[in-house]
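Here is how the chains run, residue by residue.
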Amino acid sequence: MSGERPGSACAEVRRLLLEGSQASDDGATGARAAAHLGRCLDCQRARDRLQGLRSDVERAATPLDDMRRARVLARLASALDNHAADGGARRRERGVRPGPGGVLSPVARWVLAAAFGGSAVAALALWLAGRQSSAPTAPVASRPAVTQPAADPPSAAPEARASGQLAVLQPYRPANATEGPPAPVDHLEVPAGRRLRLHLGARATATLIGPARLRVIRSEADLLEVNLAHGTLVAAYDHRAGGQLLVRSPRGAHPRGRHAVLGEGRRRQQPDRGRPRPRPGHGRGRPGAHAGGRRRAQHRQRQPPALDAR
Amino acid sequence: VIHLVHRSAGPDSDQALVERARGGDRGAFDELYRRHADLVWSRLGRLLGPDPEREDLLQQIFFEVFRDLWRFRGEAAFRTFLYRVVVNIACDHLKRRARRPRPVSAADLDGLIDNQRSPEARAVERQRLALTMSLLDRIKPKKRIAFLLRVVEGLSLEEIAEIVEARPAAVAQRVRHAHRELDRLLEKHVGKEGAP
């Protein structure tokens, strides 16, 4: 820092970042700001944030495809025809506004507005008077707060908790770790910006993308049920040995339901044209109770589904 | 210079097409639409993000432009007149959207993400895009539009001022305020979720 105040230099750089070359009156200002940017971590972070935001927003500027262009043009032509048929252009030429203002005189408009205002004030006064007359004279004793139990998914059986069967979440062993793999646990939290790969029981592998919170609520021979309270889970299930992985997300943003079931065996019964017939399920994801048959069919995708519970 | 000459004097210039469209030539309407629909569409995408109503807004913009063509006196470029309508309609839409907030759906975001990437990478991208869009949604429409026109589209303050019909100093202030609010919201978000 060659005698410059750090705050003012930062402010100058931020102004240049936002307003570009317009913000610098001369070349010296730009050079000074560039030198400051080279050594100030805060300003570099601000620049990177702006660049990230720019690239994110640029993604939304998708090109207009031909189908959509033609569709909008057809609708536009129809709307313009309707407008012309309504005589909107003629009204504009005469200087008359379309709508109720065009048929009511100014005096009538004022009378109408005053009538509306008066009736609104009268209704408000009546409502206030009614409230005061129905209010109790003695102070009401404060009622005890009623706490609504949270709509949690079904919890694990007590004996299962006690026996430690819920500890089936085992993070991958880091490549540079000297000691053995970490002990399995029954719940995990991943901070923002971090990812954690883990085994979900014996048959599933998953990635938790932070910020995320995952808890095991049931672990049985053929069913593993977890609760994704927060965050994103990308899971792959080895369906060959059967069983199910049920992922619940109370605040889930999964497009196909509030919970997803992964891997329910190699075959499952599914009605087809009114006649039950076994069809291969291939252990792929199946949506929860909110999804319909059409969505189920769409859900058979090759990539493992990601469940967001932000 | 060639572009300006073409725009102002050529038989197929915007000005000539506008004159023909005013006379009721539907072909001139269609040509103006074909010429500018892509730019309007991408600008709407930048200003609003992945919005399912973008197609309706595109139609509304051109409808209003053609309906109000009699107001266009030719003092500014047709493109400026058009962008003014785009910005006004985008601003109104953002105000409506703020009254009925709707989180950006995962399907909308998936359309912006490269399909070739791994599920993990796509999930991270989706999360980042959702955060950016939700932060932008919390900025007041006028500030958001000035900020995006300046920072993303790279328009000068004078150009933005002409489009939004404000003074350049006011536009600069909106841009600065929006940036400050975004920084504050991002810091609050990072503080809430834990430092990366």
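Calculation criteria
Residues numbered from 1 in each chain as written. Chains lettered and ligands numbered in written order. Predicted model: local features only at pLDDT ≥ 70, side-chain atom pairs only at ≥ 80, totals over all residues. Heavy atoms only, no water. Contact = heavy atoms within 4.5 Å. Buried area = accessible area lost by both parts, 1.4 Å probe. Salt bridge = Lys/Arg side-chain N within 4 Å of Asp/Glu carboxyl O. Helix = DSSP H or I, 4+ residues; strand = E, 2+ residues; numbered from the N terminus. Expected span 1.5 Å × (residues − 1). Buried < 20%, exposed > 50% of the residue type's maximum accessible area, 1.4 Å probe, protein only. Core = buried A, V, L, I, M, F, W, Y, C linked by side-chain atoms within 4.5 Å. pLDDT = per-residue confidence, 0-100.

### Quick notes on the interface of chain A and chain B
Much of the literature gives interface size as the accessible area that the parts lose upon coming together.
Phase 1: Contacts between chain A and chain B engage 48 residues on the former and 61 residues on the latter.
Phase 2: Roughly 5,100 Å² is buried in total at the junction of chain A and chain B, and carbon and sulfur atoms are behind 58% of that figure.
Phase 3: Among the residues of chain A in contact with chain B, Leu18, Asp56 and Arg59 of chain A are the three that bury the most area, contributing 13% of the side total.
Phase 4: Across the chain A-chain B interface, the total number found is 11 salt bridges.

### Here we look at helix α4 (residues 54-67) of chain B
Since the α-helix turns once every 3.6 residues, residues separated by three or four places project in the same direction.
Phase 1: End to end, α4 of chain B covers 20 Å across 14 residues, agreeing with the expected 20 Å (1.5 Å per residue, within 8%).
Phase 2: The buried fraction of α4 of chain B is high, at 10 of 14 residues.

### Here's the deal with the nonpolar core
Phase 1: Counting residues in hydrophobic clusters, the biggest one holds 66 residues, and the most contacted among them are Phe66 and Phe147 of chain B.
Phase 2: Leu188, Val190, Ala206 and Val216 of chain A belong to the second-largest nonpolar core, a separate cluster that totals 21 residues.

### Some remarks on the confidence of the model for chain A
All names here are of chain A.
Phase 1: Summing up the model confidence of chain A, the mean pLDDT is 69 and the portion of residues at 70 or higher is 60%.
Phase 2: The secondary structure element of chain A with the lowest average pLDDT is strand β8 (residues 267-272), at 36, and the one with the highest is helix α3 (residues 41-59), at 88.
Phase 3: Predicted confidence for residues 96-102 stays below pLDDT 50, and this span has five contacts to residues more than four positions away or in other chains.
Phase 4: Contacts of residues 136-163 to residues separated by more than four positions or lying in other chains number 16 contacts, the stretch itself having pLDDT below 50.

### Brief notes about the pattern of salt bridges
Phase 1: With the rule as written, the count across this model stands at 35 salt bridges over all chains.
Phase 2: One salt bridge connects Arg47 of chain A with Asp48 of chain A, and the closest N-O pair in it is separated by 3.5 Å.
Phase 3: Here Asp183 of chain B and Arg49 of chain A are joined by a salt bridge, their closest N and O atoms 3.1 Å apart. Here Asp183 of chain B is found in helix α10 (residues 168-193), whereas its partner Arg49 of chain A is found in helix α3 on a different chain.
Phase 4: Its relative accessible area of 28% is what places Arg49 of chain A among the partly exposed residues.

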